[in-house]
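A look at the structure
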Amino acid sequence: MLLSEGKPGIGGEPLLREKTKPKYSVFTKEIGSDVPSWVAFDRQVLSFDAYVEDEVPDKSQEKYRIRFYKIFFYLEDDTIQVTEPVVKNSGLRQGTFIQRRRISLPPPDDDQFYTVYHFNINIDIVFYGWAFKIYDCDVFTKNFLKKIGIKLNPPGECPEDPYMKTWRQKLDCIRPLRPYESFDTLKQFLEYDRKVLRFFCLWDDSASLFGDRRELILLYFLSDDTIEIKELLPHNTGRDAMPFFLRRRKLPKYGPPGIYQPGAITDRVVLNLYSGLAENRVYGYLLDKCKLGKLEQEFYKDSDLSIGTTINVWGRKVLLCDCDEFTKTYYKTKYGIENFTSIPWKAPSPPKIERKFPPYTGFGSEEDSLRSCIGLVPMPRPNLGNFRKFMEKDSYGSISNILRFFAKLITHKCADVDRLFIISYFLSDDTISVFEPIERNSGNAGGQFLKRMRVKKPGQEVFKSELSEYMKVEELYIGATVNVNGYLFLLLNADEYTLKFMEKNSEKFPFSNLELALQKLKDEKSKSREIKQVFRDADPAFTKMVDYNTFRDIVMTITVGKLIEQELVTIARHYGVPEDPCPDTNTLIAMAHEQLKKNFFENFERLIYSCVYQDREKKKVLPSKDIKRLCKSSRLPLTDDLLGSLLSKVYDSTDRQLHFVTIDEQRCEDMWLGMPSPIPTKYINYFQFLKDVYGLEEE
């Protein structure tokens, strides 16, 4: 019961705990109990204070050092652990000196282990050759040793380490001056971190030689009351682009204070140096605690800055002219300032000097000649134009970004009246190419009429300083007359891609805007009854639709020349009646001609001669099987489906035979040209057209 009343030792749980099998210690025999020691003394540790005199042979200032240790004795298994408390800046490896284990006695009793009876106060104990002087222990250890019958010696005195004594004397000399002045800057930093006041400033140095007005930006950091100034350098100012006009620091109000020798101004003044005897020298120094040599300076605070104030930046008079919104809010909240009238600080812009370039010489392009006039060294690279536009509008996939128009040459020469051309406009670089389809026996070679290039607008002077104006895509539309290097072309039609592109970008192509085109028809609302009657007369069967030519004649008569062909095509495409999905005869013939053209088939005379030869009765009809056989024998490059659909269109239901006729030569050539049809749609839903334009309902 005596052991149960004791308090646990200060050692606590050991770092390395060894698992030992149950045994009976000498302590259990003393109290006459049968409880194992590892159960009775679990977590109970004896703690002793000891020191070791460590010799220092290689240093003349000291002969030895006093190193302090803690010796822990674990009652549960008679293990011992020795640790050295960590001393700041000691330069020694401290911590666990001997790990927890059972330690044997010094020779010649090294076959036995230390027990609690070997410990006492004011005695020497040897662990592995190290002599530890135990000078004291804690209260729990004293009570435990007394209860088991050990007579304790009086506590010894712990000697002072001579090296630490000398070091403390030096620390006393370099301690902060008293009374200690504490500055709580953490609160200010946490409250105003990343909060900066910004002022727009002006330093007018025009009065000095080669001086001018310098535009500055002053940044005041609220976290530590520092100031940073940057300079705004205009383009081509001739000055080096320095990162800072004034680096971040506290700005004195009355600077510069003057020029002093190094060490003349300091917060601490050394009054005297001293040292001890020759054998045990102790170096030290005395400081001036009154701070007589300290220079008192006043620095700019946020309360000193306001619009219209002139501050001293190391001898330069800087005027604060304006500030940002955060700065205004800060001064309005903290100081109640409401007036933030700014001062004009921007320098008046210098007069713009008009640059005059020499006229174009005629060699190379105008852009290349102009680039040689901009710099002293001619540019080695040619003018690449708008590269971004080229990348966005270049052809990719099924999107060609090429607008193609079907045009006719306007001329008084009889031989050139019927010449047809294809004008292609490339959106990537605003270039134009003109191609003439090859027409046999026309007397014209055909092919490339104008290579891809930019076309200048007519009526411009050749040798001039300014760049020439070139033809834009907005100038191309159906019905327009364009001048291409002196040749006049009338745009008759456009392909499907071009019409869709112009309708999609109607803000750029106003003649493809349906609303604008219909507005011209709405202006004739007074004639709505007559217009309705005209359409009704053109549709006696009341099918609510008319063919394109009839619709065109009626609309052109109504507007009296207000609509152009492009607007009419836009209206017709919008109100066009969808065609039957089954292709008609003309479409099948066009598809057949396309296949014949791709395969360079020209043996038409032989095919017709074979058909005439098979027609014994001269009726110009043959059975379908004979027609197919003759086409196969002539190696006609058509698929079976296309050939069957084409023959079914010319099928004669009366005699179950097929007519063979010679295809009109002019029509064949027209289909081979690959031109778009001049009719955008066959039939127009005029009823819906009248309803949208004039609001007329069916009677």
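Residues numbered from 1 in each chain as written. Predicted model: local features only at pLDDT ≥ 70, side-chain atom pairs only at ≥ 80, totals over all residues. Heavy atoms only, no water.

Turning our attention to the environment of Thr 481. Structurally, Thr 481 can be placed in strand β19 (residues 481-484). For the pair Thr 481 and Leu 491, spaced 10 residues apart in sequence, the C-alpha to C-alpha distance is 6.4 Å. In this view, Thr 481 contacts Ile 410, Leu 488, Phe 489 and Leu 490; residues no more than four positions away in its chain are not counted. (Helix = DSSP H or I, 4+ residues; strand = E, 2+ residues; numbered from the N terminus. Contact = heavy atoms within 4.5 Å.)

Another point: the sheet that holds strand β17 (residues 431-436). Taken in spatial order, the six strands make up an open sheet running β18-β17-β16-β15-β20-β19, and their pairing is antiparallel. Both edges of this open sheet fall to β18 (447-453) and β19, since each of them pairs with a single strand only. The average angle at which neighbouring strand axes cross in this sheet is 30°, direction not considered. Where β19 meets strand β20 (residues 487-494), four bridges bridge the pair, whose relative direction is antiparallel. Considered in β20, the bridge of Asn 483 is made with Leu 488. Each of β15 (402-410) and β20 is contacted by helix α9 (residues 496-504), which is oriented at about 110° to β15, the strand it contacts most. (Pairing = 2+ DSSP bridges. Axes fitted to C-alpha atoms, helices over the stretch in contact; angles between N-to-C directions.)

Another aspect to go through is helix α16 (residues 624-633). Within the sequence span of α16, burial applies to Asp 626, Ile 627, Leu 630 and Cys 631. For α16, the buried positions fall inside an angular range of 135° around the axis, keeping them on one side. Positioned one or two residues after α16, Arg 635 has a phi angle of 55°, which is positive. (Buried < 20%, exposed > 50% of the residue type's maximum accessible area, 1.4 Å probe, protein only. Arc of directions from axis to C-beta.)

Looking now at the packing of α9 against helix α13 (residues 565-574). At a closest axis distance of 12 Å, the pairing of α9 and α13 adopts a crossing angle of 95°. When the axes of α9 and α13 are compared, the pair comes out roughly perpendicular. Facing α9, whose interface residues are Glu 496, Leu 499, Lys 500, Met 502 and Glu 503, α13 presents Gln 566, Val 569, Thr 570 and Arg 573. Residues that form the contact of α9 with α13 fall into these classes: three nonpolar, two polar and four charged. (Parallel < 35°, antiparallel > 145°, perpendicular 65-115°, else oblique. Nonpolar A, V, L, I, M, F, W, Y, C, P; charged D, E, K, R; others polar.)

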